[in-house]
Amino acid sequence: MDKDWSDKNKEFQKLITKEATFKDGIKVLLDLRDSLFEQITQIVNSYPKDAFWKMPFEGAEGYHSKTLAYSIWHVFRIEDIVLHTLILNNSQILERGEWQKKIGAKIITTGNELSGQQIAEFSKTLDVKVLYEYAKAVKESTDEYLKGLDFVSLKKKFSDSDRQRIESCGGVSSDEKAVWLIDYWCGKDVAGLLKMPFSRHWIMHIEAMRRIKNKLCKMARKGVDPVAYCELSCNHCFFCQWCGSCRTEYNTCSFATCFPDGVCPNAKCCKEKGFDGCWECSEIKSCKKGFYTPECDGANAAKAQALFVGKYGKKEFLKMQEKFHEKYEFTKTQEILGQDLEEGLRILEEIYK
């Protein structure tokens, strides 16, 4: 489990046990939920459509055996049902504004009853962008509830009529893989539901989503040129675990994700001009596009490396990179190469020799 998420989860659980620190605990919980949802946002905004129904760990034990789309649906259907049907006894977010139709979902359940290819086929039917908007609406609804929650309400328990309401809403399948959820939820008080599903359930599935996307990126990068359009070496980049490189559909490098369309201006420019990389461009020294903007701390380091590729070729560049990273960490690259272009190139040539 991600240490930051784990620490926040433990902190909020501890703080809500006392009235004096209860509100602080809710603030920590809200912060945790924001951090977790940011992961979902990044995945939805960066990954290609087919990534959301692929199952790179099909048949494995654990939540990572599902799909990205299913994981989003499952987490927020459970939260929607628990908050609105069980706790608040009002209409679910799914029932407001024809969300099911817009998403393209053929079920309204949590999806626990689905397995294997059923999950993949279900995931293919979903409009992920709309599903994300539904998830966001559920999150915001829960966040508002949490902000208005008082310490006394944590002790609230649930009755047979509450149970019957869950059973009749259609959100939980009668299949044995799903129906146990009703006993689980109704056996807790509100404090217990804050811990599961409003926090830990998110962590479990979003950790699984990270494993799925990282595996998809690794698969996408297999056999692909490791030199990026801007010239950075994907083999040495610490983002390569979750980025498939700008030469694949799984381009989620930190720079690309800064732009609304998720496309790095340098990669876009090279593709439009038919260049293999920025090193083929005669305007590289004066270029101020994308990664080369003067405001970018790494602009000079990137240009120096591009000049090296243009002078010696990609094969020799990768050899130099091996030597470079034997001496320095990847994160130190721009610090080592400095802000003078010719000096940066000289340092790379010195290492190469």
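Residues numbered from 1 in each chain as written. Predicted model: local features only at pLDDT ≥ 70, side-chain atom pairs only at ≥ 80, totals over all residues. Heavy atoms only, no water.

Student: What exactly am I supposed to notice about the overall build of the chain here?
Tutor: A tally of regular secondary structure across the chain gives 15 helices and 0 strands. Principal-axis analysis of the C-alpha atoms places the extent of the chain at approximately 75 × 45 × 35 Å. Counting the 353 residues in the chain, one finds 54% classified as buried. In the chain, once contacts between residues fewer than 6 apart in sequence are set aside, the share between residues at least 24 apart is 70%. Of the roughly 16900 Å² of accessible surface on the chain, 50% is carried by carbon and sulfur atoms. Averaging the coordinates of the 54 positive side-chain charges in the chain and doing the same for the 52 negative ones gives two points 2 Å apart. (Helix = DSSP H or I, 4+ residues; strand = E, 2+ residues; numbered from the N terminus. Buried < 20%, exposed > 50% of the residue type's maximum accessible area, 1.4 Å probe, protein only. Contact = heavy atoms within 4.5 Å. Areas by Shrake-Rupley, 256 points an atom, 1.4 Å probe, with all protein chains shown as cover. Lys, Arg positive; Asp, Glu negative; His and termini not counted. Charge placed at Lys NZ, Arg CZ, Asp CG, Glu CD.)

Student: How do you make sense of helix α10 (residues 200-221) when you look at a structure like this?
Tutor: Each α-helix winds once per 3.6 residues, and so residues spaced three or four apart point in a common direction. The end-to-end C-alpha separation of α10 is 32 Å, in line with the 32 Å expected for 22 residues at 1.5 Å each. When you tally the buried positions in α10, you get 17 out of 22 residues, the bulk of the element. Of the residues one or two after α10, Gly223 is the one with positive phi, at around 80 degrees. (Expected span 1.5 Å × (residues − 1).)

Student: Please clarify how the pattern of salt bridges should be interpreted in this entry.
Tutor: Using the criterion set out here, one finds 24 salt bridges in the structure. Arg165 serves as the salt-bridge partner of Asp162, at 2.8 Å between the closest nitrogen and oxygen. Of this pair, Asp162 and Arg165 both sit in helix α7 (residues 160-169), 3 residues apart, which is roughly one turn of the helix. Assessed through its relative accessible area of 11%, Asp162 is described here as buried. By relative accessible area, which is 19% here, Arg165 ends up buried. Residues Lys319 and Glu316 are paired through a salt bridge, measuring 3.5 Å at the closest nitrogen-oxygen approach. (Salt bridge = Lys/Arg side-chain N within 4 Å of Asp/Glu carboxyl O.)

Student: Before we go on, may I ask you to explain the nonpolar core in this structure?
Tutor: Inside soluble globular proteins, nonpolar side chains tend to come together where they are buried. If you look at the biggest cluster of nonpolar residues, it comprises 45 residues, and the most contacted ones within it are Ile40, Phe52, Trp73, Phe76, Ile103 and Tyr134. Elements supplying a minimum of two residues to this core: α2 (22-46), α3 (68-87), α4 (99-103), α5 (117-124), α6 (128-148) and α10. Ranked by residues supplied to this core, first place goes to α10 with 8 residues. Within the second largest apolar cluster, 35 residues are counted, among which are Cys264, Cys278, Ala302 and Phe308. (Core = buried A, V, L, I, M, F, W, Y, C linked by side-chain atoms within 4.5 Å.)

That's the geometry; what it means functionally is another story.
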